[in-house]
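# Survey of secondary and tertiary structure
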Amino acid sequence: MAQETPVVTRFMRERPDDSWQFESARAYNAAYTRLERAFAMGPEAIVEAVQQSGLRGKGGAGFGTGQKWSFLPKGVFPRYLCINGDEGEPATFKDHMLTERDPHQLVEGAIITAYAIQANHAFIYLRGEFALGADRLQQAIDDAYAHGFLGKDIGGSGFDLELVLHRGAGCYIAGDETGLLSSLEGERAMPRIKPPFPAAQGLYAAPTVVNNIETISTIPWIIANGAEWYAGMGVNRSTGTRIFSVSGHVERPGNYEVELGMTFRELIEGLAGGVRDGKRMKFFIPGGASSPWLLPEHLDSPLDMDYAGSELRTMLGSGAITVFDETTDPLLVSWRLAKFYAHESCGKCTPCREGSSWIEKVLYRMVNGQGRPEDLDLLLSFGSNIVPGLNAPFAQTTICALGPSTMSHVVSLDRWFRDEIVARLERDTARRTSLEIVTVSAGADA
Amino acid sequence: MAFSGTERRRAEEIVARYPQSRSATLPLLFLVQDRDGWVTPQGIEDVADFLGLTPAVVLGTCSFYTMFKLSPVGKLVVSVCTNVSCLVNGGPQLHEHLRREYARSDDVFIEEVECLAACDRAPALQINYDFHGPLTGEQAVDLIERHRSGELTARTISGTATGGEV
Ligand SMILES: Cc1cc2nc3c(=O)[nH]c(=O)nc-3n(C[C@H](O)[C@H](O)[C@H](O)COP(=O)(O)O)c2cc1C
Ligand code: SF4
Ligand code: FES
């Protein structure tokens, strides 16, 4: 029987009624006691330990966290830490939970990370819609200030840190790291061309680290238990645990924190109870809306970030798994995702701005019985202007990865459901034509 | 109009958190939205004045974000998710039910939104940014009515806790 391995979700389960409160976090989770150890290690040893642990970013791209920190140019100050809590990737709901239910773990991780990268100013960019999360996180920050864990000379270490909660105001693209920086500077959340990367020129053109909330929430435990402990969990280059948000047609939707290396089947069928109402699975989205889809035949594959890319040509992305049963119309799901991307494209790059809304329009007619047999190829043909070659992992002609993401679901339709869809489009076309003929010639209802 | 004394102090506090004042644009827009019930042309001007920006620049930022309402929306913003997990769990039907029910209401504004990061509660919605779900159409109407009558206290339309901080 598959089991969870709670690390960042452990405390919130032990104290479901008050895990977000300062007194409870101090008394039962030893919150902020990891700071002393971190200050004793010193910044360089912390970066080293995080590198040794193999920790990879949990926001979507899976980049090595310690490696990212090590890219900051030496001797250039000020530096900034920006924590990404914009969580807008459809079907992802883990950072929402971490913020509402264990904000002190996040604040403690923020302090250790800022110290490690020698930033004296840090921001948590929280999705605007998370109102309760903002209340609890602000309270946690206020409590940390009141007890000397934020502000000047934290715990007598000589290290100063200002930590600011910044609420977003409703837009997915602020989740892209450079979109986030634009937004935090008071502008439209439009992504920026890289290079320069944020490590060199980020917030206010200063060296900046952007990390996801779950990544930062993991840091106190690596400090407490050591790099070997973390590296000892997981599989291959996917070390440690991750929270997977499982939803859709499953018996027990929810967040499950598991050791990487578990199979999709153990997670979806074992922990989330499998497809509900005794139905069979038609397909699932393995890593957030931006990841190409998989079929039931892939369920025995391991949750391994590199395997997902090289063998399955998809990604574990944001750790969101959406399950669809046999009654689901893949065209409907695809159209809804296309509508999402058309709405959220920031409009800066022509292929993404124009392409995303054309994809939506063509899918709309396909799903509504107005499609033509060549429509799937039409989608692939203008999609290849956004994603040259259409081979996952995707090449990019746009500034950010939203552009390629607009094609993930279309590529999936082509890969898994081509025959079914073309046959349906042919039927729809034939029905339309015969209806027209019948209606015109005989006035009858076919 | 410009900021009153207390608003000005609050705005100064917000600006002081940031190395550069323009970063305060979003929080100040929430402030004027809460003051006026929506982001009025006067609100845009006040934020611009305070930050030393032109109103066009502030409006340009503001109009990018869905939580800022550039026309009146009444007292309750009800955001119904229809993205994929909610799609297969009755989200579009819930949205349609509420849209019809409140089509002529001045104080309840029904909007369709993207994934709210509450997919384990699909179909999910928010009432002034408080989460609810899963809900049937009738349960949702009942909940909205209890907020309307004052039996339940809603946040502001910016999601600020009433009487609380931005
Ligand atoms: C369109 C788009 C949306 C994104 N949304 C998020 C998000 O909501 N949260 C997040 O942490 N990362 C998001 N990312 C990834 C970030 O750009 C960045 O890689 C991440 O925050 C880095 O943190 P990590 O290394 O800890 O994963 C998004 C990327 C793109 C292209
Ligand atoms: S790819 Fe799309 S969302 Fe990303 S910067 Fe270009 S237009 Fe904006
Ligand atoms: S899909 Fe509706 S809350 Fe995520």
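For clarity, every value in this text was computed on a predicted model and none was experimentally measured.

## What about the site of ligand 1?
Residue and element names in this part refer to chain A.
- Taken together, 19 residues lie near ligand 1, and G59, E177, N211, N212 and T215 sit nearest.
- At a separation of 3.2 Å, a nitrogen atom of ligand 1 approaches a polar backbone atom of G175.
- In isolation ligand 1 exposes 610 Å². Once the protein is present, 90% of that is buried.
- Considering each element in turn, the shell around ligand 1 owes the most residues, three residues, to strand 4 (residues 208-212).
- Its residues placed into classes, the shell around ligand 1 shows five nonpolar, eight polar and six charged.

## Quick look at the site of ligand 2
- Around ligand 2, the surrounding shell holds 13 residues, and the nearest of these are C346(A), K348(A), C349(A), C352(A) and C400(A).
- In terms of residue class, the shell around ligand 2 is made up of eight nonpolar, four polar and one charged.

## Considering the interface of chain A and chain B
- Between chain A and chain B, the contact holds 54 residues from the first and 42 residues from the second.
- Summed over both sides, the interface between chain A and chain B buries roughly 3800 Å², with carbon and sulfur atoms accounting for 57% of that surface.
- Of all residues in chain A, R167(A), A169(A) and R336(A) bury the most surface against chain B, accounting for 17% of the area lost on that side.
- Applying the counting rule to chain A against chain B returns 24 residue pairs in polar contact (both at pLDDT 80 or more).

## With respect to the packing of aromatic side chains
- According to the stated counting rule, one finds 22 aromatic pairs over all chains in the structure shown.
- Seen from their ring centres, F283(A) and W293(A) are 4.4 Å apart, and the 15° between their planes marks the pair as stacked. On the criterion of sequence distance, the pair formed by F283(A) in strand 9 (residues 281-285) and W293(A) in the loop between strand 9 and helix 13 (305-310) is long-range, its members being ten residues apart. When sorted by exposure, F283(A) lands in the same class as W293(A), which is buried.
- Ring-pair connections join several aromatic residues into one group, and the members of that group are Y80(A), F123(A), Y204(A) and Y18(B).
- Taking NZ or CZ as reference, R15(A) lies 3.8 Å from the ring centre of Y28(A), over its face.

## A closer look at unusual backbone geometry
Residues and elements named next belong to chain A.
- Going from F77 to P78, the amide bond is cis rather than trans, its omega being -5°.
- Tracing the backbone through its elements, the reader meets P78 in the loop between helix 5 (65-70) and strand 1 (80-85).
- Between P195 and P196 the backbone carries a cis peptide bond, its omega angle lying at 0°.
- Mapping P196 onto the fold places it in the loop between helix 9 (177-184) and strand 4.

## Here we look at empty space enclosed by the protein
All names here are of chain A.
- Within the structure shown, the criterion is met by two cavities of 30 Å³ or more.
- Taken as a whole, the largest cavity encloses approximately 90 Å³ of empty space.
- Along the wall of the largest cavity there are 14 residues; nearest its centre are C346, K348, C349, C352 and C400.
- Contributions of two or more residues to the lining of the largest cavity are made by helix 15 (350-367) and helix 17 (402-442).
- Grouping the amino acids of the lining of the largest cavity by side-chain chemistry returns eight nonpolar, four polar and two charged.
- Taken as a whole, the second largest cavity encloses approximately 40 Å³ of empty space.
- The wall of the second largest cavity is formed by A25, N29, A31, R34, D102, H104, Q105, E108, P220 and W221.

## What about the environment of D329(A)?
All names here are of chain A.
- Following the sequence through the fold, D329 ends up in the loop between strand 10 (320-325) and helix 14 (330-344).
- Along the primary structure D329 and Y28 are separated by 301 residues, whereas in three dimensions their C-alpha atoms are 47 Å apart.
- Residues in contact with D329, not counting those within four places in the same chain, are V367 and R424.

## So, the domain arrangement of chain A
Residue and element names in this part refer to chain A.
- Split into domains, chain A comes out as domain 1 (10-232), domain 2 (235-325) and domain 3 (330-433).
- The C-alpha-based centres of domain 1 and domain 3 are spaced at 36 Å.
- Taken together, the eleven residues of domain 1 in the interface contact eight residues of domain 3.
- Summed over both sides, the interface of domain 1 with domain 3 buries roughly 880 Å², with 75% coming from carbon and sulfur.
- Joining domain 1 to domain 3, the criterion identifies zero salt bridges.
- On the surface where domain 1 and domain 3 come into contact, there are two residue pairs in polar contact (both at pLDDT 80 or more).

## Quick word on the sheet that holds strand 8 (residues 254-259) of chain A
Residues and elements named next belong to chain A.
- Here four strands make up an open sheet; going across it, the order is 8-7-10-9 and the pairing mixed. Both outer strands of the open sheet, strand 8 and strand 9, are each paired with one neighbouring strand and no more. Ignoring strand direction, the axes of neighbouring strands in this sheet form an average angle of 25°.
- Judged from the four bridges that link them, strand 9 and strand 10 form a sheet pairing that is antiparallel. Residue pairing for strand 10: I285 is matched across the bridge by T322.

Conventions used here
Residues numbered from 1 in each chain as written. Chains lettered and ligands numbered in written order. Predicted model: local features only at pLDDT ≥ 70, side-chain atom pairs only at ≥ 80, totals over all residues. Heavy atoms only, no water. Near = heavy atom within 4 Å. Polar contact = N/O pair within 3.5 Å; in protein donor to acceptor, adjacent residues only side chain to side chain. Areas by Shrake-Rupley, 256 points an atom, 1.4 Å probe, with all protein chains shown as cover. Helix = DSSP H or I, 4+ residues; strand = E, 2+ residues; numbered from the N terminus. Nonpolar A, V, L, I, M, F, W, Y, C, P; charged D, E, K, R; others polar. Contact = heavy atoms within 4.5 Å. Buried area = accessible area lost by both parts, 1.4 Å probe. Phe/Tyr/Trp six-rings, centres within 6.5 Å; stacked < 30°, edge-to-face > 60°. Buried < 20%, exposed > 50% of the residue type's maximum accessible area, 1.4 Å probe, protein only. Lys NZ or Arg CZ within 6 Å of the ring centre and 35° of its normal. 1 Å grid on protein atoms, 1.4 Å probe; cavity = no way out; pocket = protein on both sides within 12 Å on 5 of 7 lines; lining within 4 Å. Points joined across faces, edges and corners; volume = space filled by probe spheres on them. Domains from an automatic or database assignment. Salt bridge = Lys/Arg side-chain N within 4 Å of Asp/Glu carboxyl O. Pairing = 2+ DSSP bridges. Axes fitted to C-alpha atoms, helices over the stretch in contact; angles between N-to-C directions.

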